[in-house]
Amino acid sequence: MIVTLIVACEIAFWALLAAGLALRYGARKPRLGAGVLLCEPVLELVLLAVTAVDLKNGAEPDWKHGLAAVYIGFTVGLGHSTIKWADARVAHRFAGGPPPVKPPKYGKARAVHEWKVAARWTVAAATALALLQAAVWYVGGDGDVSSLRSWQRTMLLVIGINLVIAASYTVFPKREPGPSS
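Residues numbered from 1 in each chain as written. Predicted model: local features only at pLDDT ≥ 70, side-chain atom pairs only at ≥ 80, totals over all residues. Heavy atoms only, no water.

What about the packing of helix α1 (residues 2-26) against helix α3 (residues 40-56)?
Packing of α1 against α3 brings their axes to within 9 Å, and their N-to-C directions diverge by 175 degrees. The pairing of α1 with α3 is recorded here as roughly antiparallel in orientation. Each of I2, L5, I6, C9, A12, F13, L16 and L17 in α1 lies in contact with α3, whose residues at this interface are E40, L43, V46, L47, V50, T51 and D54. Considered class by class, the residues forming the contact of α1 with α3 number 12 nonpolar, 1 polar and 2 charged. (Axes fitted to C-alpha atoms, helices over the stretch in contact; angles between N-to-C directions. Helix = DSSP H or I, 4+ residues; strand = E, 2+ residues; numbered from the N terminus. Parallel < 35°, antiparallel > 145°, perpendicular 65-115°, else oblique. Contact = heavy atoms within 4.5 Å. Nonpolar A, V, L, I, M, F, W, Y, C, P; charged D, E, K, R; others polar.)

Quick look at the structure:
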């Protein structure tokens, strides 16, 4: 049931995003579109509540409960930037907005961009880590929490990889190609 709910939340995320942007730009109702987009967090609250109830009713914590925590974390850390990304493209395509800003390719500006990306992924993984730890405490010493601990290690790996990528752009900045002679 948890996996089905995660899939339903993902589908609902994109459906709400499409509906919000359609109202905002297609129907020219920006406030209503923003209201629909503000419903996105309700999906995560439902998933969190159902997961907690499932564990409270005696379900053995497994990879599905961990995946729910990770999904919620990633929506918290990356959902806003995903909505902004889609909004910029729809505004440009259908409402005469400016072209979406492309990330910088070279030098310090690229390093700053990579640190911002790493920060979003770190927020996502840290949120998932906190939810996973809350689930471990919620289950207590009676249940097998090894799958939740495995997800925690994976989230630490996600943080580490993103920090290494950002640091690599700082230590070894990509240089703009020089004039060809």
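Let's pick the thread back up.
Points about a nonpolar patch on the surface
On the surface, L157, I161 and I165 cluster together into a nonpolar patch covering about 270 Å² of accessible area. Structurally, L157 is set in helix α6 (residues 146-171). For L157, a relative accessible area of 54% translates into the label exposed. (Patch = residues over 30% accessible without salt bridge, like charges linked within 9 Å, V, L, I, M, F, W, Y side chains within 5 Å. Areas by Shrake-Rupley, 256 points an atom, 1.4 Å probe, with all protein chains shown as cover. Salt bridge = Lys/Arg side-chain N within 4 Å of Asp/Glu carboxyl O. Buried < 20%, exposed > 50% of the residue type's maximum accessible area, 1.4 Å probe, protein only.)

Here's the deal with the pattern of salt bridges
This model, assessed by the stated rule, comprises 3 salt bridges. For the salt bridge of D87 with R24, the shortest nitrogen-to-oxygen distance reads 3.4 Å. Taken together, the residues D87 in helix α4 (residues 63-95) and R24 in helix α1 connect sequence positions 63 residues apart. The salt bridge partner of E114 is R110, with a shortest N-O separation of 2.8 Å. One end of the pair is E114 and the other is R110, both in helix α5 (residues 107-139) and 4 residues apart, which spans about a single turn. Taken as a pair, E114 and R110 share a single burial class, namely buried.

What about the environment of A167?
Summarising the element assignment, A167 is placed in helix α6. Residue classification places A167 among the partly exposed residues on the basis of a relative accessible area of 27%. Sequence separation between A167 and E114 is 53 residues, and the spatial gap between their C-alpha atoms is 8.4 Å.

Comments concerning the packing of aromatic side chains
A complete count under the given rule lists 2 aromatic pairs for this structure. Look at F13 and W14: their rings are 5.2 Å apart centre to centre, the planes differ by 85 degrees, and that puts the pair in the edge-to-face class. We classify F13 as buried; its relative accessible area is 6%. W14 sits in the partly exposed class, given a relative accessible area of 39%. The interplanar angle of 80 degrees and the centroid separation of 5.2 Å between the aromatic rings of F74 and W121 together place this pair among those described as edge-to-face. Of this pair, F74 sits in helix α4 while W121 sits in helix α5, placing them 47 residues apart in sequence. (Phe/Tyr/Trp six-rings, centres within 6.5 Å; stacked < 30°, edge-to-face > 60°.)

Regarding unusual backbone geometry
With glycine set apart, most residues show a phi of negative sign, and most peptide bonds adopt trans. One non-glycine residue with positive phi stands out, namely R28, at about 60 degrees. For R28, the position within the fold is in the loop between α1 and α2 (30-37). Classification of R28 by relative accessible area gives exposed; the value is 57%.

What to know about the confidence of the model for the chain
Predicted confidence across the chain gives a mean pLDDT of 93, with 99% of residues reaching 70 or more. Ranking the helices and strands of the chain by mean pLDDT puts α6 first, with 97, and α3 last, with 91. (pLDDT = per-residue confidence, 0-100.)

A short note on the side chain of E44
Mapped onto the secondary structure, E44 falls in helix α3. Here E44 sits buried without a salt bridge, and the closest side chain of opposite charge, R120, lies 16 Å off (N-O distance). When residues no more than four places from it in sequence are discounted, the contact partners of E44 are Y71, I72 and T75. (Lys, Arg positive; Asp, Glu negative; His and termini not counted.)

So, the layout of surface pockets
Considered as a void within the structure, the largest pocket measures approximately 600 Å³ in volume. S81, W85, V101, H113 and R120 are the residues nearest the centre of the largest pocket, which is lined by 19 residues in total. Mapped onto the lining of the largest pocket, the elements with two or more residues apiece are α4 and α5. Considering each element in turn, the lining of the largest pocket owes the most residues, 7 residues, to α4. In terms of residue class, the lining of the largest pocket is built from 11 nonpolar, 3 polar and 5 charged. Space inside the second largest pocket adds up to approximately 170 Å³. (1 Å grid on protein atoms, 1.4 Å probe; cavity = no way out; pocket = protein on both sides within 12 Å on 5 of 7 lines; lining within 4 Å. Points joined across faces, edges and corners; volume = space filled by probe spheres on them.)

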